[in-house]
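Chains, contacts and geometry: an overview
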Amino acid sequence: MGSWYQTPEGILLLNSTNRGQLIYLWEARYDNGTISRMYEDFIFERALVDPKFVPNPELRATVDHLDRDHVSEIRLYPIKLVEKLNPLHQLRICPVNLKLGERFVCYWLTDFSVKFKTHLRRTIVGIERISPNPENKFDLLVISPSGKTKFCHNDNMSFEGE
Amino acid sequence: MAASANVRIYHGSSPGTASADVIGSTVRYKLADDDIQNMLTPVSLPSSGMNLSWRKSSKMNFPSTPAGSITNLRWFISGGPPAGIRFFARVQATGLYIQASSADSSGIVGFTDTVGNQNSNDAANYASSAPLTVQAGTVLSNPNTGEGGTNQPFVETQIGVQSSYAGGPGPIQAFNISYRYSET
């Protein structure tokens, strides 16, 4: 991990967000107008306005339960605590316009260090498609807790210091 | 918040006994099937060539269940051991555990028994940009905890001390190993 992760803001952000898992709260919007969220509304909305509140990670809903064929948009809302610690984290709106043979993906890419016993979770949103070319199988937006982002076709990347 | 994952080293006869969570420098490559922090069974410095340690077998353990799934488990090193020390890694066949033994020091068949196999299984090949794939599919899903049973094979590793190592007796500087996985 690079220098930002060793700053007081970096340390506080990681320790407060289950090592990057709770930086963003996701909200999925369906093509019929309905919305599905990572948390119940009262928890979700409090996390966006109260800088001292971090939701319980064990109460979160998983994206695995989403009806992927009918999702039109994924929104990533940084919790208020994170927004104050790192302004690079802002609301991100990710349209989901899937073509035949594509599906959207949303997950945490977690690096677990055996030596330091630490997790580092990066938020990934993107598309997976059926393709004979491995370089064309994924279009991924990777957001690190530091706020740095990468667009890549493969989540096997070096994120050292990012 | 409590850790939701740890790494365990297996010792003893099959099916092996998992250690407690290993931390920092508590994994000791030696000529014995343990991680006791002592100097009793070191890998000696050879006058030529390389001396191999006994193997280590490790798995990731998830004491708390994910909301969704743990998938695409990978392994890599960053930094690596000092000059004169080689580190080897491979994925053992699903569910198979082989206890470390003195035979490992002669080279493990298909793993470290030849120069070609040593080069192929050199852990330096597995950086974060090109990690070793442990399980491309699902390791475990909600509501399960643990290691995923046969869904997670062991990562086998071994140290080689070359005659060129200049660090002197005693433990080497600990280097970092990481597991990487997708989590929902």
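Structure report, in brief. (Residues numbered from 1 in each chain as written. Chains lettered and ligands numbered in written order. Predicted model: local features only at pLDDT ≥ 70, side-chain atom pairs only at ≥ 80, totals over all residues. Heavy atoms only, no water.)

Another aspect to go through is the environment of Asn86 of chain A. All names here are of chain A. Inspection of the secondary structure assignment puts Asn86 in the loop between helix H3 (80-85) and strand S4 (92-95). A sequence separation of 22 residues divides Asn86 from Asp64, and the C-alpha atoms of the two residues are 28 Å apart. Among residues more than four places away in sequence, those in contact with Asn86 are Trp4, Leu13, Pro145, Ser146 and Gly147. (Helix = DSSP H or I, 4+ residues; strand = E, 2+ residues; numbered from the N terminus. Contact = heavy atoms within 4.5 Å.)

Turning to unusual backbone geometry, a few remarks are in order. That bond from Asn142 of chain B to Pro143 of chain B is cis: its omega, 10°, falls within 30 degrees of zero. Within the secondary structure, Pro143 of chain B sits in the loop between strand S7 (132-141) and strand S8 (155-162). The backbone of Asn18 of chain A shows a phi angle near 55°, a positive value even though the residue is not glycine. Topologically, Asn18 of chain A is positioned in the loop between helix H1 (8-16) and strand S1 (24-30). Accessibility expressed as a relative area gives 13% for Asn18 of chain A, which makes it buried. Unusually for a residue other than glycine, Asn72 of chain B sits at a positive phi of about 50°. Here Asn72 of chain B shows up in strand S5 (residues 69-78). The class for Asn72 of chain B is partly exposed, based on a relative accessible area of 22%. (Buried < 20%, exposed > 50% of the residue type's maximum accessible area, 1.4 Å probe, protein only.)

Now for the pairing of strand S8 (residues 149-152) of chain A. Residues and elements named next belong to chain A. The sheet contact formed by strand S7 (residues 138-143) and S8 spans 4 bridges and is antiparallel. Following the sheet pairing, Leu140 is matched in S8 by Cys152. The loop that links S7 with its antiparallel partner S8 comprises 5 residues; one of these, Gly147, has a positive phi angle of about 95°. (Pairing = 2+ DSSP bridges.)

Bringing the interface of chain B and chain A into the picture now. Contact residues are listed per partner, giving 33 residues for chain B and 29 residues for chain A. Both faces considered, chain B and chain A share a buried interface measuring about 2400 Å² in area, 49% of it formed by carbon and sulfur atoms. Remark: the boundary between chain B and chain A carries 3 salt bridges. Put simply, Arg74 of chain B and Asp155 of chain A hold a salt bridge, and the shortest N to O gap is 2.7 Å. Taken together, the links from chain B to chain A amount to 16 residue pairs in polar contact (both at pLDDT 80 or more). Counting only elements with at least two residues in the side of chain B that touches chain A, the list comes to strand S1 (6-11), S5 and strand S9 (176-183) of chain B. The dominant element in the side of chain B that touches chain A, judged by the number of residues it contributes, is S9 of chain B, at 8 residues. Here the residues of the side of chain B that touches chain A are counted per class, giving 15 nonpolar, 14 polar and 4 charged. The pairing of strand S5 (residues 102-113) of chain A with S9 of chain B spans 6 bridges and is antiparallel. Note on S9 of chain B: the bridge partner recorded for Leu109 of chain A is Ser182 of chain B. (Buried area = accessible area lost by both parts, 1.4 Å probe. Salt bridge = Lys/Arg side-chain N within 4 Å of Asp/Glu carboxyl O. Polar contact = N/O pair within 3.5 Å; in protein donor to acceptor, adjacent residues only side chain to side chain. Nonpolar A, V, L, I, M, F, W, Y, C, P; charged D, E, K, R; others polar.)

Moving on: the sheet that holds strand S6 (residues 118-129) of chain A. Read from one edge of the open sheet, 7 strands run S8(A)-S7(A)-S6(A)-S5(A)-S9(B)-S5(B)-S7(B), paired in antiparallel fashion. Looking along the sheet, the strands with just one partner apiece sit at the ends: S8 of chain A together with S7 of chain B. Going across the sheet, the axis of each strand differs from the next one's by a mean of 25°, ignoring polarity. (Axes fitted to C-alpha atoms, helices over the stretch in contact; angles between N-to-C directions.)

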